[in-house]
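Fold and contact review
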Amino acid sequence: MKLGVVIRYVGLVMLLNAVFMLISALISLFNGMDTGFYPLLLSFLITAIIGAFPLIFVPNDNNLSNKESYVVVVMAWVMSCLLGMVPYLIWGGEFTFTNAWFESTSGFTTTGSTILSDVEALPKGLLFWRAATHWIGGVGVVLFAIVILPSMGRMKMTLSSAEMSMMAKDNFRYTTKKILQIIIFVYVGLTLCETLVLMAVGMDWFDALTNSFSTVATGGFSTKNLSIMYYHSVTIEMVITFFMLVSGIHMGLIYATLRGKHNNVFRSEVARFYVLSLLVSTLIVSASLLLNHNYANVWEALRYGVFQVVSYTTTTGFASTDNALWPPLAMIVLIYCTIQCAMAGSSAGGVKADRVLLIFKAIKARVLKLQHPNAVIRIKQNGVTQEDGVVNAAILLVMIYLLTALVGTILLTAMNLDLLTSFTATIASLSNVGPGFGKVSNLASFGPLPEAAKWLLSVLMLFGRLEFFGFIHIFMLRSWK
């Protein structure tokens, strides 16, 4: 393996992170040189030097093997999280080494869990950096870099293939270069649109921009301790709910819909399943809240029910109310939403609605095969016949997910955490949702958890964000020989 060349490409990603650190430092400067300025400026210098060093001493090489591409992707994620924690460490406050690593990993993986008990104590520069880590990680740190950096040339195809799952590519019927252009067009477009709309309904520009970063990246970091609940605005909740829902849709479908193409959102079988699951989950959660007298009337139950269902399903994790005392039925439905999540090809994490629908169809096909042993049963999704390998891969990923969730839950309960907290914290980290229930409900901090729990959950965040196999490749490099 050409380790020097791998480090060179990881260095390019670090330079991108350095640019956002510099922007964050400038925000601190224009905010009266707040306490975040020097930590962010120093972090920018450290990250820029580390990123530039291999570009100076390692010659350019556009020939990367698949093995090397996977190593670039995993190393870029890990290094982004490591260097992303530097501003927090230098600033201090609640940020011990473990807490800084957890916050950085939670940001880049768009999980949105936080160790902070007082988010509003952070200066604006650090608040912007937190939101920026979401925005960089939302489409993948490597994908973001190869879209921004034209010098990567034909390596864009190899690296994008290593970071994007096969299921995410299904609705992209374009060349690799065009796919990358579509991703950035939709991603930036949604961010700008939401920022402008939030400003129009009463948010200041800073909150509007940072909350848009978190929404479109389906991350969930807010600038307020009470998250979206702070604003006490039905209009703001409706705007964010809409953009969360849209951000959970495959970016290729969004682009095709805007262009009036045939393969659009309205013709997508998976999109219909995704929206239907949101509607059914909302009705069950809202009815549960109303019958349990959590809220006074149908309107309030629907208001909070729909926001939390969309928030959990899209893996955003924003809070419009405190769900710590919600009834068990509502919790179970939200736990299911945490596992299924939104569509492949979006910035959301989790198993993905595409795989869940495919597995349901595989179950139906199996039943039909038992009834008619000689029949040839084809599994189709969006009108395309799915090969056995695709179906088996979906089932395998779900099995790995559930097995990892079981192991994570066991390890957390061994750390003297209760079962509800252990299980929901595990799946919330694996799916990059953020909040769970128990001690990690949507307005709670992960700060009081044991340090070992924070390290475990942060690893699960990375594991889930790379959809398992990216990490597994790294531990099986010898088998590539």
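Residues numbered from 1 in each chain as written. Predicted model: local features only at pLDDT ≥ 70, side-chain atom pairs only at ≥ 80, totals over all residues. Heavy atoms only, no water.

With that out of the way, let us pick up the overall build of the protein. Regarding its fold elements, the protein presents 20 helices and 2 strands. Taking all 481 residues of the protein together, 59% fall into the buried category. Excluding contacts between residues fewer than 6 apart, the proportion of contacts in the protein whose partners are at least 24 apart in sequence is 71%. For the protein, the exposed area adds up to about 19,600 Å²; of that, 69% sits on carbon and sulfur atoms. (Helix = DSSP H or I, 4+ residues; strand = E, 2+ residues; numbered from the N terminus. Buried < 20%, exposed > 50% of the residue type's maximum accessible area, 1.4 Å probe, protein only. Contact = heavy atoms within 4.5 Å. Areas by Shrake-Rupley, 256 points an atom, 1.4 Å probe, with all protein chains shown as cover.)

Bringing the UniProt feature "binding site: K(+)" (unreviewed entry) in the protein into the picture now. Those residues carrying the UniProt feature "binding site: K(+)" (unreviewed entry) are Thr 110, Thr 111, Gly 219, Thr 315, Thr 316, Asn 432 and Val 433 in this numbering. A stretch of 324 residues holds the annotated residues, and the largest C-alpha distance among them is 8.2 Å, short enough that they meet in one place. Here Thr 316 shows up in the loop between helix H14 (298-313) and helix H15 (328-340). On the accessibility criterion, Thr 316 (0% relative accessible area) is buried. In contact with Thr 316, not counting residues within four places along its chain, are Thr 111, Ser 214, Thr 215, Thr 218, Gly 219, Gly 220, Met 244, Ser 311 and Val 433. Tracing the sequence through the fold places Asn 432 in the loop between helix H18 (419-430) and helix H19 (451-465). (UniProt positions renumbered as here; feature names shortened; annotations may be inferred.)

All right, on to the side chain of Thr 282 then. Mapped onto the secondary structure, Thr 282 falls in helix H13 (residues 269-291). Within the structure, Thr 282 has its side chain in polar contact with the backbone oxygen of Leu 278 (distance 2.7 Å). Look past the residues within four positions of Thr 282 in its chain and what remains in contact with it is Leu 302, Gly 305, Val 306 and Val 309. (Polar contact = N/O pair within 3.5 Å; in protein donor to acceptor, adjacent residues only side chain to side chain.)

With a phi angle near 60 degrees, His 293 is a residue other than glycine that sits in the positive phi range. Secondary-structure assignment places His 293 in the loop between H13 and H14. Even without being a glycine, Asn 432 presents a positive backbone phi close to 60 degrees. Looking at Asn 432, the relative accessible area reads 0%, which means it is buried.

A few words on the side chain of Asn 99. Position of Asn 99 among the secondary structure elements: in helix H5 (residues 97-108). Once residues within four sequence positions are removed from consideration, Asn 99 is found in contact with Glu 94, Ile 115 and Lys 454.

It is the contact of H14 with H15, at a shortest axis distance of 7 Å, that shows an interaxial angle of 30 degrees. In terms of their interaxial angle, H14 and H15 are classed as roughly parallel. The residues of H15 that touch H14, namely those facing Gln 308, Val 309, Tyr 312 and Thr 313, are Leu 334, Cys 337 and Thr 338. Residues belonging to the contact of H14 with H15 are distributed by class as follows: 4 nonpolar, 3 polar and no charged. (Axes fitted to C-alpha atoms, helices over the stretch in contact; angles between N-to-C directions. Parallel < 35°, antiparallel > 145°, perpendicular 65-115°, else oblique. Nonpolar A, V, L, I, M, F, W, Y, C, P; charged D, E, K, R; others polar.)

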